[in-house]
Each structure stands twice: as C-alpha cells, then as structure tokens.
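Letter by letter, the chains look like this.
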Amino acid sequence: MEHIASFAASGYAPDRVQLFHGAPLEAILPLLADCPVLRLRAGESPPEAKDRQGRLYVVLHGALGVTPAEVRPGGERGFGTVLPGECTGELSVLDHGAPPDHVAAQEDTDVLVIPADVLWRMVDECHGVARNMLRLLSFRLRAANAQLRRREKVGEFYRQLSMIDGLTGLHNRAWLNDRLPALIDHAHASREPLSLIMIDLDHFKRFNDEHGHQTGDAALVAAAKAISSVLRPSDFSARYGGEELTVLLPGTGAQAAKAVAQRLCEQLRETRVFEDAARPLPHVTASMGVATILDGEDADGLVTRADAALYRAKENGRNRVALA
Ligand SMILES: Nc1nc2c(ncn2[C@@H]2O[C@H](COP(=O)(O)OP(=O)(O)OP(=O)(O)O)[C@@H](O)[C@H]2O)c(=O)[nH]1
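Please read these numbers as outputs of a predicted model, since none were measured by experiment.

A. The arrangement of the overall build of the protein in detail. Scanning the protein from N- to C-terminus turns up 10 helices and 13 strands. Here the protein holds 324 residues, and the buried ones make up 31% of them. Long-range pairs, those at least 24 residues apart, make up 71% of the contacts in the protein between residues at least 6 apart in sequence.

In structure tokens form, the structure reads like this:
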C-alpha cells in the first residue's frame, strides 16, 4: 500500500463520485482536500481505522472486492465489487461498529479515504451528500434483502435435494420422517383415511448375488419407476431404505389401498429390469403390507402395522399383498 497524495494533490476530480452527485463541489472540495489517496496492490486491504469512528473508502480507480466478514478466507467469494465512483465503509461510520465486510483490492486500486469526522461535516454542511448517503443505504438494504432471498432459495433447494433418494429419485426416509406425521395429523383433523403400503423386493439378496450389485441397483430403479407409474399425483412414494419402498395414499381407505397394492404387485411382476431384450433377466417381485390409519394412531404405529402385514405377506409365499 502506498500513500500517493492528499486528494487535492492527487489529480482526481470528485464529480464522478456517487456520494457527491448533485452536491455543490465548492462546499465539498475544501473538506476533501487533506483526505489521503492510497494505492492498494491487488489483494491488499485498506488500513483499518485505529479509532472506532470508521472511515469511508471511495474507489477512484480499480476495484475493491467486498466479502462479508463472517466468511472465512477462501470461503464464499465475491459478495460484491466496488467500482470507481462507488464507496464502502459507510455502516461503520454511521454506527461506530466493526466493518461488516472484508474489503480487498481486486487489482491495483486507488482509494480516497474519508475519515468519519470529515464525512459528518459534509453531511452537516451539504444536504446533497446527506441525501446520497440515504440513497446508498436504501440500495444496501435492498441488496442485502435480495441476497437473503437468494440464500433462502438456495437453502430450500438443498433441503429438497436432501429429501430425494439418489438412486431411485423417490423421496427418501428423511422426507418420510418429515412428512408422514403431518399427513397423519391432517388425516385425523379432516377425518379422512390415510393408508401406507410397505413394499419389500423379494429375494433381493439372491438377485444381487446372481446378477451383480449394479444390476440390483437397476432393478431398484425399475421398481421405483413401475411404482410411480401406477400412483395418482396425490399419492407419494419413498425409498424407506435398502430394498424397501413405501407408498402413502392420502384419502384412501383399506380396501382401495389393498387394490392399489395389488396393482403395484402386478405392475412389478411385468416390469423388465432392462428393456433391452438381449439381456433377459427374471422379473423382480415384491411383497407388500398395507395399513390404514386408526383413530389416534401415530406414524410409528402405522409403520409398525404395515411392517407386520408385510412380514405376513413374506411368510405366505411372497409376491403378494397382506392387509394389517
Ligand atoms: N443392488 C442393491 N442392493 C441393495 C440395495 N439396498 C439393499 N440391497 C440389498 O438387498 C438385499 C436384501 O436382503 P434381505 O434383507 O436378506 O432380503 P431378501 O434377500 O430380499 O429376502 P426377502 O426380503 O426375505 O424376500 C441385501 O442383499 C442388500 O444388500 C441397493 O441400493 N442396491
């Protein structure tokens, strides 16, 4: 970093500085005359104020990169860029707090440093500067709000992504844990039925052993597709874990749910793992347990009864449906 000159001797003019737009230069120039102009090399930060008064940095040439102070070095990059005529540092001047952002030159950059007391005198003596400060603050507020909204959206995107099973594309167990209690509450409150089908692929260990784990994965994907193809848009399917899948049927009573499960069973029986006829594989079958919510029952109770029914379907020969 190099101290080039005072502003008066630097050769820079104030008319391009946003903070001074519309303000009478004859009022501003005497106040700016002794303010230092620094040259920062790429990567250098302007010196921090030794007092708690803060200071405003106006870019005269080059660019300053601004990163929120809470972001670790090497973390999220480029919160913003301050270009010639723009400034940064106004918040710590206004509230005497620590600067909220880390500032560093993105290239060789000349910066006018305006100490807090000089800035306040400008605000006192020149309404135009005060107005520009307010405009700057409202711009910062809007930018911060937009940034928050973007982060919320990104957060929601990743939340949704974390609820999807990577192999089958179905919802995963985390989604089920999140949504099932809410669906059950809704069913109790609206006095509508809700059914759950627990599905377990038959002899899947043997299938893996005979055809390889990757073919087993393909069979799981094919099963998930087949199941989704049978359901209505208001139904949900999820991968419960391993080779176990779950279907949720809101507004569906026991008999209708049993009929859906039987349809799923048939669909699986007819589903090829690979459409490619050159690689004929045995069809994958599944056993299914169906349970319909009882008065006052919670998620654990419903899943346990569906599991017990599934166990009976396995016991009775697999490739079939049992009702809880
Ligand atoms: N390929 C593949 N296999 C999986 C996956 N998740 C679980 N499995 C396999 O599924 C098999 C389940 O085996 P078991 O629990 O013994 O049940 P099963 O062989 O299907 O027998 P039954 O359920 O009694 O009909 C295990 O071999 C697991 O490794 C997966 O994501 N991909």
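B. Representation of the sheet that holds strand β13 (residues 321–323) in the model. The strand order β10-β11-β9-β12-β13 describes an open sheet built from five strands, whose pairing is mixed. Each having just a single partner strand, β10 (236–241) and β13 make up the two edges of the open sheet. With direction set aside, neighbouring strand axes in the sheet form an average angle of 20°. The pairing of strand β12 (residues 286–292) with β13 spans three bridges and is classified as parallel. Paired with M288 across the bridge in β13 is V321. Here helix α8 (residues 213–230) sits on the sheet in contact with β9 (194–201), β10, β11 (244–250) and β12, set at roughly 10° to β11.

C. Spatial organisation of the nonpolar core. Counting 46 residues, the largest nonpolar core has I197, A223, A261, M288, V290 and A306 as the members making the most contacts within it. For this core, the leading source of residues is α8, giving seven residues. Setting aside residues no more than four positions away along its own chain, A261 makes contact with I197, M288, V290 and V321. L19, A23, Y57 and V103 belong to the second largest nonpolar core, which has 29 residues in total.

D. Region of interest: the environment of T81. Counting through the fold element by element, T81 comes out in strand β5 (residues 80–82). A tally of 12 C-beta atoms within 10 Å means that T81 is categorised as exposed. In sequence terms T81 and V103 are 22 residues apart; their C-alpha atoms lie 9.3 Å from each other. The residues contacting T81, other than those within four sequence positions of it, are A63, G65 and Q106.

E. View of the site of the ligand. Taken together, 17 residues sit near the ligand, with F204, K205, G216, G242 and E243 positioned nearest. Of all the secondary-structure elements, those providing two or more residues to the shell around the ligand are β9, α7 (204–211) and α8.

F. Layout of helix α4 (residues 116–125). Within α4 the residues assigned to the buried category are A116, L119 and M122. Viewed end-on, α4 has its buried residues packed into an arc of 120°, placing them on one side of the element. Structurally, α4 contributes buried residues whose contacts are with α2 (25–32), β3 (55–61), α3 (90–95), β8 (109–115) and α5 (127–161).

G. Looking closely at the sheet that holds β5. In space, the three strands of this open sheet follow the order β5-β4-β7, with antiparallel pairing throughout. With partners counted over all chains shown, the strands left at the sheet margins are β5 and β7 (101–105), one partner each. Neighbour to neighbour, the strand axes of the sheet diverge by 30° on average, direction disregarded. By the bridge criterion, five bridges tie strand β4 (residues 64–68) to β7 in an arrangement that is antiparallel. Its bridge partner lying in β7, T67 is registered against H102.

H. Looking closely at the pairing of β12. With seven of its seven residues buried, β12 lies for the most part within the structure. Of the pairings in the sheet, the one linking β9 to β12 comprises seven bridges and is antiparallel in character. Considered in β12, the bridge of I197 is made with V290. One crossover worth recording links β12 to the parallel β13 by way of helix α10 (residues 299–315), and it is left-handed.

I. Main features of the pairing of β8. Along β8, five of the seven residues are buried, which leaves the element largely enclosed by surrounding structure. Pairing geometry for β3 and β8, over six bridges, is antiparallel. Looking at β8, one finds that Y57 is bridged to V113.

The rules behind these values
Residues numbered from 1 in each chain as written. Predicted model: local features only at pLDDT ≥ 70, side-chain atom pairs only at ≥ 80, totals over all residues. Helix = DSSP H or I, 4+ residues; strand = E, 2+ residues; numbered from the N terminus. Buried ≥ 20, exposed ≤ 12 C-beta atoms within 10 Å, placed from the backbone. Contact = placed C-beta atoms within 7 Å. Pairing = 2+ DSSP bridges. Axes fitted to C-alpha atoms, helices over the stretch in contact; angles between N-to-C directions. Core = buried A, V, L, I, M, F, W, Y, C linked by C-beta atoms within 7 Å. Near = placed C-beta within 6 Å. Arc of directions from axis to C-beta. Right-handed = clockwise from strand over helix to strand, strands pointing away.

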